[in-house]
Amino acid sequence: MSSEEGQVHSRLGIRLNKICCIGAGYVGGPTMATIAAKCPHITVTIVDLNEARINAWNSDSLPIYEPGLDELVRSCRGKNLFFSTDVKKGIEEADIIFASVNTPTKTQGVGKGRAADLRFIESVGRTIAQYSTRSKIVIEKSTVPIKTAEAIARVLTANETSGGTIGKKFWILSNPEFLAEGTAMKDLDAPDRVLIGGQVDDAVQVLVDIYANWVPRDKILTTNLWSSELSKLVANAMLAQRVSSINSIARLCERTGADVKEVSRAIGADSRIGPKFLNASIGFGGSCFQKDILNLVYICEQFGLNEVAAYWQSVVDMNDNQKVAFTHRIISALFNTVTKKKIAVFGFAFKKDTGDVRETPALTVCDMLMADGGIVHVYDPKVSYEEAIQEFKYHGIEVNKDQFIFSKTPAEAVDGAHAIVVLTEWDEFKTYKYEEFYQKMMKPAFLFDGRNMLDHDGLERLGFEVHALGKASSSGSADEGQGYITRACSSPSMRSLKPMRTLESGA
């Protein structure tokens, strides 16, 4: 028996020594690089029709930034990790296939703005059926609505019949990712859990055995397909709920004189609650949270669970409200106008340690500041001007290039600025010499900390007027803060809050 034959599953008849991943994005790339590093006996090939993206994976400049990813790819690439545009060959040569393609929110038709657009995952099913010459295990790695596996199975089976290739079998598994951008490589190396859903024990065990090369068995959870698919949506919904919950309390703190940091510490000390995701912020962003919650809302509505749908919709509404209210606070503090005023924005990525700008809160803040006439100068260590403009275009927002400028250094961004607005929690922002920034800025010099990450007392001693989330501004007492909020809420711009929020939640 050859070594190749010796790596064929005795009951399923599939080869165990090769993996193909369709989709070379934020999930597929890091996940497959980790599998290749942990399983040197398995050849891993990532395929994607996007030639530029594949070329980037094969270069010294990877298409995504994630701490630790570059080193891992370099150590495996060309050995047992390969990147290719030859989808047909990848499918033919591997019997374990991961589907890791984008599942965005629909932008038109039934379910627009809420339902997941499954055309890419459906296309993967049809492509696998077209090029398969033997049985395969097909693994959903993309975040998908419940019952998507059933749809993929129907596509595969129907194409078997029409193609006259009856005789091979397809086993569908669900293996959702639980990665946080910025810590994805750590999450992959030492996951809290690995979830695998499937209906056939032998197929499930194949994937269990792969992860067991580095993940303790007690952290590999197995469920049925539908529980696995739903668990991913619910996990993101629960995390986003905590963000919106603490942000709602931050708004209350601003009116009452309480400090949201102290409240977070107090409630986080309760072991039943815990401290994670209790930092008040400008709001959540990224490709997952809003998309997955809106998908959950749509699913609930489809099953007639309107009260449940409304509950989860409120999480997104609160997040949208937080971005809008924060921006109105900036404009109000700057004497109710930012027209022709230079505003230094620190950070455009939706969170630190990533260059990802999808659904970033900075989009709303910058758009509103520019709409009021402000001149926004952005500094972000990992985001380019082109990437930011692309996200604006995706949301149908026209940008005046004279109002939206990317600075090469933070000092360049703050020179002559009326305010600094912190929108991403990059660690380097804590290390800057703000006394030098203060000297370069217009007076009074404002600082709006949308991440509650800086030393506010120290900044105030330097002369900054600091506005932080979840506590009254340094410009007045709690009572005066109450008056400020009342005035802001009665302004014409604040009265437009609801329609703006509606537009955002449908983006």
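Our structure is the block above this text.
A. Representation of the sheet that holds strand β11 (residues 404-406). With respect to topology, 6 strands assemble into an open sheet ordered β11-β10-β9-β12-β13-β14, the strand pairing being parallel. Strand pairing shows two members of the sheet lacking a second neighbour, β11 and β14 (465-468), which therefore form its edges. Each neighbouring strand pair of the sheet contributes to a mean axis angle of 20°, computed without reference to strand direction. As judged from the 4 bridges shared by strand β13 (residues 446-449) and β14, these two strands associate in the parallel manner. What sits directly across from F448, in β14, is H467. Taken strand by strand, helix α12 (residues 306-333) contacts β12 (419-422), β13 and β14, and its axis lies near 170° from that of β13.

B. Summary view of the side chain of E229. Checked against the element boundaries, E229 lands in helix α9 (residues 225-256). The exposure class assigned to E229 is buried, which follows from its relative accessible area of 2%. Beyond its immediate stretch of four places on either side in the chain, E229 contacts E140, V144, P145, I146, K147, T148, A149 and S174.

C. Just the nonpolar core, in detail. Membership of the largest hydrophobic core comes to 61 residues, with the highest contact counts inside it found for F346, F348, F404, I420, Y434 and F464. No other element matches helix α13 (residues 361-371), which puts 6 residues into this core. Within the second largest apolar cluster, 42 residues are counted, among which are I35, I42, L69 and F83.

D. Region of interest: unusual backbone geometry. Omega for the bond connecting K443 with P444 falls within 30 degrees of zero, at -5°, which places this linkage in the cis form. One can find P444 in the loop between α16 (434-440) and β13. Of note in this structure, F335 is not a glycine but carries a positive phi near 65°. If you trace the backbone, F335 turns up in the loop between α12 and β9 (342-346). Located in the positive-phi region is K340, a residue other than glycine, with phi close to 60°. Assessed through its relative accessible area of 72%, K340 is described here as exposed.

E. Spatial organisation of the packing of aromatic side chains. Evaluation of the coordinates by the stated rule reveals 22 aromatic pairs. Each ring, one from F446 and one from F448, has its centre 6.1 Å from the other, and the planes form 10°; the classification is stacked. An identical accessibility class is assigned to F446 and F448; each is buried. An aromatic cluster is present here, built from F346, F429, Y432, Y434 and F437 joined pairwise through their rings. Here the guanidinium or amino end of R193 rests over the ring plane of F178, the centre of that ring lying 3.7 Å away.

F. Representation of the pairing of β13 in the model. Burial along β13 is two-sided: F446 and F448 facing one way and L447 and D449 facing the other are all buried. Bridge analysis of β12 against β13 gives 4 bridges, and the strand direction is parallel. Bridge pairing in β13 links V422 to D449. As for the winding sense of the linkage, the β-α-β connection from β12 through α16 to β13 is right-handed. Remark: the β13/helix α17 (residues 456-462)/β14 crossover connection has right-handed handedness.

G. Local environment of a nonpolar patch on the surface. Together, F303, L305 and V308 make up an exposed nonpolar region whose accessible area comes to about 300 Å². Residue L305 is classed as partly exposed on the basis of its relative accessible area of 42%.

H. Local environment of α9. Helix length check: α9, at 32 residues, gives a terminal C-alpha distance of 47 Å against a target of 46 Å (1.5 Å per residue), a fit within 8%. N-capping of α9 is provided by N224, with a side-chain oxygen placed 3.0 Å from the backbone N of W226. G257 sits one or two positions beyond α9 and adopts a positive phi of about 95°.

I. Representation of the environment of G113. Take G113: it is sitting in the loop between β4 (96-99) and α5 (119-131). Sequence spacing of G113 and D86 is 27 residues, and the spatial spacing of their C-alpha atoms is 33 Å.

J. Geometry of the pattern of salt bridges. This model, assessed by the stated rule, comprises 21 salt bridges. For E177, the salt bridge goes to K232, with nearest N and O atoms at 3.2 Å. Taken together, the positions of E177 in the loop between β6 (170-174) and α7 (184-189) and K232 in helix α9 put the pair 55 residues apart, joining distant regions of the chain. For the pair E177 and K232, a shared accessibility class is recorded, and that class is buried. Between E425 and R451 there is a salt bridge whose closest N-O contact spans 3.5 Å. Here the residue E425 occupies a position in the loop between β12 and α16, and R451 occupies one in the loop between β13 and α17, the gap between them amounting to 26 residues. Since its relative accessible area comes to 12%, R451 is described here as buried. Each of the salt bridges in this network shares a partner with another, and the network as a whole consists of R15, D95, R134 and K136.

About the thresholds
Residues numbered from 1 in each chain as written. Predicted model: local features only at pLDDT ≥ 70, side-chain atom pairs only at ≥ 80, totals over all residues. Heavy atoms only, no water. Pairing = 2+ DSSP bridges. Helix = DSSP H or I, 4+ residues; strand = E, 2+ residues; numbered from the N terminus. Axes fitted to C-alpha atoms, helices over the stretch in contact; angles between N-to-C directions. Contact = heavy atoms within 4.5 Å. Buried < 20%, exposed > 50% of the residue type's maximum accessible area, 1.4 Å probe, protein only. Core = buried A, V, L, I, M, F, W, Y, C linked by side-chain atoms within 4.5 Å. Phe/Tyr/Trp six-rings, centres within 6.5 Å; stacked < 30°, edge-to-face > 60°. Lys NZ or Arg CZ within 6 Å of the ring centre and 35° of its normal. Right-handed = clockwise from strand over helix to strand, strands pointing away. Patch = residues over 30% accessible without salt bridge, like charges linked within 9 Å, V, L, I, M, F, W, Y side chains within 5 Å. Areas by Shrake-Rupley, 256 points an atom, 1.4 Å probe, with all protein chains shown as cover. Salt bridge = Lys/Arg side-chain N within 4 Å of Asp/Glu carboxyl O. Expected span 1.5 Å × (residues − 1). Polar contact = N/O pair within 3.5 Å; in protein donor to acceptor, adjacent residues only side chain to side chain.

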